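These are the residues of each chain, in order.
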Amino acid sequence: DSQWIGPAMRVAVGVAAATLSLFLGEWISLHGQKTFARGLTGLGLALFYLSFYSGFGFYHLLPQVTAFLLMCLTTAAAAMLALHYDSQAVALLGLAGGYLTAVLLSTGENQMWVLAGYTSMLNLGALAIVYAKRWPALEYLAWPATALLYLGWSSQWLDDETRLAAWGWLSLSFALFFAASLLGARLWLLALNTGAYFAGAYFLLDHQYHSSMGAFSVALALPHALLARAVWNRDRRLGELAAVIAAVLLTLAIPIQFSGFRITMLWSLEAAALTWAGARFHQSRLQAGVFLLFGLVFIRLLMVDAEMSLQQPYATFANQRFLTFAVAAASLWIASRFAPTREFQTVTYGAGHLILLWALGMEIAGWARRTSDPQDVANVESTGISILMAVYASALVVAGVALRSALNRILGLGLFVLVIVKLYLLDV
């Protein structure tokens, strides 16, 4: 307080205390006091960080570059001491100090590539230690710390001119942690890393490259599909998660890249392909994803495609709406062909006939509105739909008898019951 010990001496005392702590930690460790020795080692590293930062931030004795290099050396020393003592706690302390270095030595200038390169090297070293020593706690620190540094930089410097550069940094970090999740079989890291990367990349690129974002989603799905194939026999859980992520990315790519009825058709075909893949690789767990996709298809058919505005006049059956419903019905029948269970087969097969009958009914209603007098439209629609249902029911029963299919016969007879009820309650 009386300035007998000046700023330079205070920093020197801090460095001396840090060196003494490390020396005592080594000496006590050699005498068997492992736990206490690790505490002294951690104290020494913390004092080094504090001393070097004080020399830069409090007393302005050290230039930024010198302080940065000294703190980098401290981080490297922490990694070496962690390996020397086989101590995960020392590694965590050194890694935390490394990430704090980027914050403590900030000068308020935009040095994105310096920050990106520094954090990438720090992550690479941390992940190498994780792979060598099996210390997953380092990953629990590395990923959030990297995300916080990235978000901190983005909140201040992100604009239209820096979006591509920010995407480059984001992609580099994604690649590092993707490799880490592959080598360490970290399911949470794979899901979190991919989800955050896709959301961040979409936010950065969609403004200028919207027309290519569907292709980007497919490109991101590709390495996950390859990962699923590579590890399927060795690590089934990791393979299943990678396959699910690939399927989700492909599902998102469709509405991102396309619009209108194409979304419904492509979702239908994707659901059929997933059913085939589940049968091919004996994965019944894909059944939930197939049901979810077909649920989305049904919602779009009901809310969007059924209300599709068709240019007048339009040809019966030769129009976009009927094509969309026909593809959805065909996809359901393909799914029933490869269904893993009898219940799944019954539901998808029946749903395919329901959607096709729905589409045919809309075509008859449209034909009636185009060709009948206004006062006769309702009668022509009702009569035409009754005839359609009767013919369809007859075809199902005939097919059931010819193919010895009980399901077709049941569906046909059930439809006949609906025709009779409709005749008595409405048509007569």
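Here the structure is a predicted model, which means the values were calculated and not measured.

Each value, and the rule that gives it
Residues numbered from 1 in each chain as written. Predicted model: local features only at pLDDT ≥ 70, side-chain atom pairs only at ≥ 80, totals over all residues. Heavy atoms only, no water. Helix = DSSP H or I, 4+ residues; strand = E, 2+ residues; numbered from the N terminus. Rg over C-alpha atoms; globule rule 2.2 N^0.38 Å. Buried < 20%, exposed > 50% of the residue type's maximum accessible area, 1.4 Å probe, protein only. Contact = heavy atoms within 4.5 Å. Areas by Shrake-Rupley, 256 points an atom, 1.4 Å probe, with all protein chains shown as cover. Lys, Arg positive; Asp, Glu negative; His and termini not counted. Charge placed at Lys NZ, Arg CZ, Asp CG, Glu CD. Salt bridge = Lys/Arg side-chain N within 4 Å of Asp/Glu carboxyl O. Expected span 1.5 Å × (residues − 1). Patch = residues over 30% accessible without salt bridge, like charges linked within 9 Å, V, L, I, M, F, W, Y side chains within 5 Å. Core = buried A, V, L, I, M, F, W, Y, C linked by side-chain atoms within 4.5 Å.

*Asks:* Would you mind going over the overall build of the protein chain in detail, with residue names and values included?
*Replies:* In terms of helices and strands, the protein chain carries 16 helices and zero strands. In summary, the protein chain has a C-alpha radius of gyration of 33 Å against a globular reference of 22 Å for 428 residues, an excess of more than 25%. Put simply, the protein chain has 428 residues, and 43% of those count as buried. A separation threshold of at least 6 residues defines the contact pool for the protein chain, and within that pool the share at least 24 residues apart is 64%. About 23,000 Å² of surface is accessible on the protein chain, with carbon and sulfur atoms providing 69% of the total. When the 23 positive and 20 negative side-chain charges of the protein chain are each reduced to one mean point, those points stand 14 Å apart.

*Asks:* Give me the pattern of salt bridges: which residues, what numbers.
*Replies:* For the structure shown, the criterion picks out six salt bridges. When the shortest N-O distance is used, the salt bridge between Asp-86 and Lys-133 registers 3.0 Å. Linking Asp-86 in the loop between helix 3 (64–85) and helix 4 (88–104) with Lys-133 in helix 5 (residues 112–133), this pair joins segments that are 47 residues apart in sequence. Residue Asp-86 is classed as partly exposed on the basis of its relative accessible area, which comes to 48%. The partner of Glu-139 in a salt bridge is Arg-186, with the nearest N and O atoms 2.7 Å apart. Placement of the pair is Glu-139 in helix 6 (residues 137–157) and Arg-186 in the loop between helix 7 (163–184) and helix 8 (187–209), with a sequence separation of 47 residues.

*Asks:* So, helix 9 (residues 213–231): which residues are in play, and what are the values?
*Replies:* Spanning 19 residues, helix 9 covers 28 Å between terminal C-alpha atoms, matching the ideal 27 Å at 1.5 Å per step. The complete set of buried residues in helix 9 reads Met-213, Gly-214, Phe-216, Ser-217, Leu-220, Ala-221, His-224, Leu-227, Ala-228 and Val-231. Those residues of helix 9 that are buried lie in contact with helix 7, helix 8 and helix 10 (236–257).

*Asks:* Which residues make up the side chain of Asn-193, and what are the values?
*Replies:* Counting through the fold element by element, Asn-193 comes out in helix 8. Look at Asn-193 and you get buried, because its relative accessible area is 4%. Residues within four places of Asn-193 in sequence aside, it is in contact with Trp-143, Ser-173, Phe-174, Phe-177 and Phe-178.

*Asks:* Describe a nonpolar patch on the surface, with residues and values.
*Replies:* Together, Val-417, Ile-420, Val-421, Leu-423, Tyr-424, Leu-425 and Leu-426 make up an exposed nonpolar region whose accessible area comes to about 750 Å². Tracing the backbone through its elements, the reader meets Tyr-424 in helix 16 (residues 406–427).

*Asks:* So what's going on with the environment of Leu-266? Residues and values would help.
*Replies:* Note that Leu-266 resides in helix 11 (residues 261–280). Other than its neighbours up to four places away in sequence, Leu-266 contacts Ile-254 and Phe-258.

*Asks:* Explain the nonpolar core residue by residue, including any values.
*Replies:* Core analysis: the largest hydrophobic core is formed by 55 residues, its most contacted members being Leu-95, Tyr-99, Leu-138, Trp-169, Leu-190 and Tyr-197. Elements supplying a minimum of two residues to this core: helix 3, helix 4, helix 5, helix 6, helix 7, helix 8, helix 9 and helix 10. Ranked by residues supplied to this core, first place goes to helix 5 with nine residues. Dropping the residues within four chain positions of it, Tyr-197 is found in contact with Trp-167, Leu-170, Ser-171, Phe-174, Phe-216 and Leu-220. If you look at the next biggest cluster of nonpolar residues, it comprises 34 residues, including Phe-322, Ala-328, Leu-357 and Leu-415.

*Asks:* Before we move on, can you summarise the environment of Gly-200 with the specific residues and values?
*Replies:* Locating Gly-200 in the fold gives a position in helix 8. Overall, Gly-200 belongs to the partly exposed group, its relative accessible area being 21%. A C-alpha to C-alpha distance of 8.0 Å links Gly-200 and Trp-167, two positions 33 residues apart in sequence.

Read these as spatial facts, not as claims about activity.
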